[in-house]
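A closer look at the structure
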Amino acid sequence: MAEELTLIVEMVTVLGAATVGGFVASRLKQPVLLGYLLGGMLIGPAGLGLITLEGDIEVLADIGVALLLFALGIEFSLKDLLRIRAIALGGGSLQILLTVLLGGGLAYLTGWVETMPTAVFLGAVLSLSSTAVVLKSLIERNEMQTNHGQIMLAILIAQDLGVGLMLAILPALTQPADVIGTALVAAVLKALLFLGGAILVGKWVIPQAVHLLVRSGSQELFLLGILVLCLGIALITSALGLGIEMGAFVAGLMISNVEYADHALDRMLPMRDVFATLFFASIGILIDPAFLLANGWVLLGLVAIAMVGKAIIATGVVALFGYSLKTALTVGLGINQIGEFSFVLAGVAQQEGLFSPRLYGLTVGTTAATLLITPFLLRAAPHLLTALEQLPWLNRFFRLSQSPRLYGQEEDLAGHVVVVGCGRVGHTLVRMLYFQGYKILVIDNNEAVLQSLRDRGIPYLFGDASSPLVLEKARLPQAKAMAIALPDPMATRLTLNRALGLAPDLDITVRAHGNAEIDTLYQLGAQEVVQPEFEASLEMGAHLLLNLGDSTFEVQQVVNRYRTGRYRDILPERSEYWGATDLETAIEGLQRHWYELLPDSPLVNLNLAEANIRRLTGATVMAVERDKHLHRYPTGEMQLETGDRLLVVGSFEAHNRFETLLKAEG
């Protein structure tokens, strides 16, 4: 093979292996990052031996690191940081600091690392979470606007900012012990001077340069100019001893304030993805499965310390900021992995001689393992929280942390409308009810949205709406109606189920987050279900039909036809197999149990409407299994027979009442 083709062959081999690995990981619903690592491992010295990092691939991987941090700088949002600054700056910084102290301290005290600088660097590696994995999981589960989703986002933003600071300061730890203090001060001053110069250049020079590139009308020149800016500033910081990573991050920050920042990011993303893939695959090339197996117990211990320790720290920090224990635990379980930028820090530590090959290998293995475990842990989190709530000794802490705070509630509050969630949907609903003169009680746990309620003197409960304690304080039996407009699908189902357990006849309107939830919410007892995106499509369709010449009456008929049957027309046909899978997702987080109807049960030969199970017990029948056939979301007309197995959801007390009903004498 000609020498000049060696680099091309290596690039094709690495990118091909990463593509195959990423595809397999994606099909298995795992982060594609794991696929890149496995692809690199397959072709590396520990695998087929096709590639080593002694050639130019390592240089290309460095470009991938620079582009990763450049994109991170562009995407960094000061506006988002300021909007949630308390938990972001306070909570995020505290989480990073405590994780560094815990991880580095344990490693140093147990003798696993020999020097304090190495321990600090290791703690910094452990402190970072995976933005890509966490955000992907939140988006897939429609939880970006939830309370715990916003807190995770805040901490991730703080960690993104922390990456740049760590890359500027931590390399100073390589200096001798007697001058390390001076070296750290010098590094901080050098970084501040550089940042000050970057701010001036970013304000006066960069916008003009970018405008010139845009006015050229050439997309190629625009891309080349942005690339030169990124790598050029990275080289300057490297010459100053701050590393290319710091320069690339600052270059991204400089671009982020220019009006063409989104366009620059859009043009850079394909290049970033290619070179970043080379970087992650190059990490995989260094992984030696035999080495990890030989150090299996150490690796297992590191994973446990990283995930459990970090989860405890994050949970404690979030609880310290006044959030409920349930929210804090959800956040702790969500960000307890080690992130992709930990690879960058570990690489810097190895270059500086702080990480031995063994320590670096174990760090990479630990990071890969936590990324592998995280998706499973996030899916299991609702079930884990439900189980924890049932432990008597822990339930007291849940109840204490969910104890609601009441503001402006009248002593004789009755005949009111309870609105759960005062976000974009709930806020409009509250305004409508307020100006129509109805008595309102709002339930929300986001302090930022409650000021307008205080200004208007509207009573509200500050707390988690799915908490039985909060719902009891809302005086649901005395309420006229209830509207649930929460952004969290699981919290919506829990709130609906528990509210009807307290007030079985309450008229409840619920916001659905997707078409698949509509049947579930009706089955749980909602009087009406509204799916905002579907309602928007009806309005758009009505407008188009009117413009196309249809009469007002015809348009009303079409719209009403789609609304009749409680949205049944928009639900896709599903096979029985997929129906069962969707049912499992629908009742996630709810307490469920299967019950078999014996011949002497008083429910035998009654239909579900006659049995009146929800009113008598507070429980809901979600499915009936008969002759190996599963009937999801059974209607009131379904008659119960001997041998039927009923899938019932409800609170612990509701299940007890249902068991009593099953055993009652006819």
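This text gives an overview of the structure that appears in the document.

Definitions and cut-offs
- Residues numbered from 1 in each chain as written.
- Predicted model: local features only at pLDDT ≥ 70, side-chain atom pairs only at ≥ 80, totals over all residues.
- Heavy atoms only, no water.
- Axes fitted to C-alpha atoms, helices over the stretch in contact; angles between N-to-C directions.
- Helix = DSSP H or I, 4+ residues; strand = E, 2+ residues; numbered from the N terminus.
- Parallel < 35°, antiparallel > 145°, perpendicular 65-115°, else oblique.
- Contact = heavy atoms within 4.5 Å.
- Nonpolar A, V, L, I, M, F, W, Y, C, P; charged D, E, K, R; others polar.
- Buried < 20%, exposed > 50% of the residue type's maximum accessible area, 1.4 Å probe, protein only.
- Polar contact = N/O pair within 3.5 Å; in protein donor to acceptor, adjacent residues only side chain to side chain.
- Salt bridge = Lys/Arg side-chain N within 4 Å of Asp/Glu carboxyl O.
- Phe/Tyr/Trp six-rings, centres within 6.5 Å; stacked < 30°, edge-to-face > 60°.
- Pairing = 2+ DSSP bridges.

**Notes on the packing of helix H11 (residues 219-239) against helix H13 (residues 261-286)**
When two helices pack together, you describe them by how their axes are tilted relative to each other and by the distance separating the axes. Following both chains from N to C, one finds H11 and H13 inclined at 80°, their axes separated by 10 Å at the closest point. As far as their axial angle goes, H13 and H11 are roughly perpendicular. Across the interface between the two elements, Gln219, Phe222, Leu223, Ile226 and Leu227 from H11 touch His263, Ala264, Arg267, Met268 and Met271 from H13. Considered class by class, the residues forming the contact of H11 with H13 number seven nonpolar, two polar and one charged.

**Comments concerning the side chain of Thr620**
Topologically, Thr620 is positioned in strand S9 (residues 620-626). Residue Thr620 is classed as buried on the basis of its relative accessible area of 3%. One polar contact links Thr620 to Arg614, side chain to side chain, over a distance of 3.4 Å. Once residues within four sequence positions are removed from consideration, Thr620 is found in contact with Asn497, Gln523, Leu524, Arg614, Leu647, Val648 and Val649.

**Here's the deal with the pattern of salt bridges**
If you walk through the whole model with that rule in mind, you get four salt bridges. The partner of Arg645 in a salt bridge is Glu625, with the nearest N and O atoms 2.7 Å apart. On the criterion of sequence distance, the pair formed by Arg645 in strand S11 (residues 645-649) and Glu625 in strand S9 is long-range, its members being 20 residues apart. One continuous salt-bridge network, built from bridges that share partners, spans Arg626, Glu641 and Asp644.

**Some details on the packing of aromatic side chains**
On inspection of all chains with the given rule, the structure shows three aromatic pairs. Where Phe121 meets Phe355, the ring centres are 6.3 Å apart and the plane angle is 70°; that geometry is what we call edge-to-face. In this pair, Phe121 is assigned in helix H6 (residues 116-127) and Phe355 in the loop between helix H17 (340-351) and helix H18 (357-389), connecting sequence segments 234 residues apart.

**Observations regarding the pairing of strand S5 (residues 481-484)**
For a regular strand, side chains alternate in direction, first toward one face of the sheet and then toward the other. Examined bridge by bridge, strand S2 (residues 417-420) and S5 share four bridges and lie parallel to one another. Across the sheet, the residue bridging to Val419 is Ala483, located in S5. Inspection of the sheet shows S5 paired to strand S6 (residues 507-511) by four bridges, in the parallel sense. Looking at the pairing, Met482 lines up with Ile508 of S6.

**Side note on the environment of Leu359**
One can find Leu359 in helix H18. Between the C-alpha atom of Leu359 and that of Thr118, which follows or precedes it by 241 residues, the distance is 9.8 Å.

**So, the sheet that holds S11**
Taken in spatial order, the four strands line up as S8-S11-S9-S10 in an open sheet, and their pairing is antiparallel. Both edges of this open sheet fall to strand S8 (592-596) and strand S10 (629-632), since each of them pairs with a single strand only. Pairs of neighbouring strands in the sheet enclose a mean axial angle of 25°, with direction left out of account. Pairing of S8 with S11, which is carried by five bridges, proceeds in the antiparallel orientation. Pairing of Arg592 across the sheet is with Val649, part of S11. Lying over the sheet, helix H30 (residues 652-663) contacts S8 and S11, oriented at roughly 5° with respect to S8.

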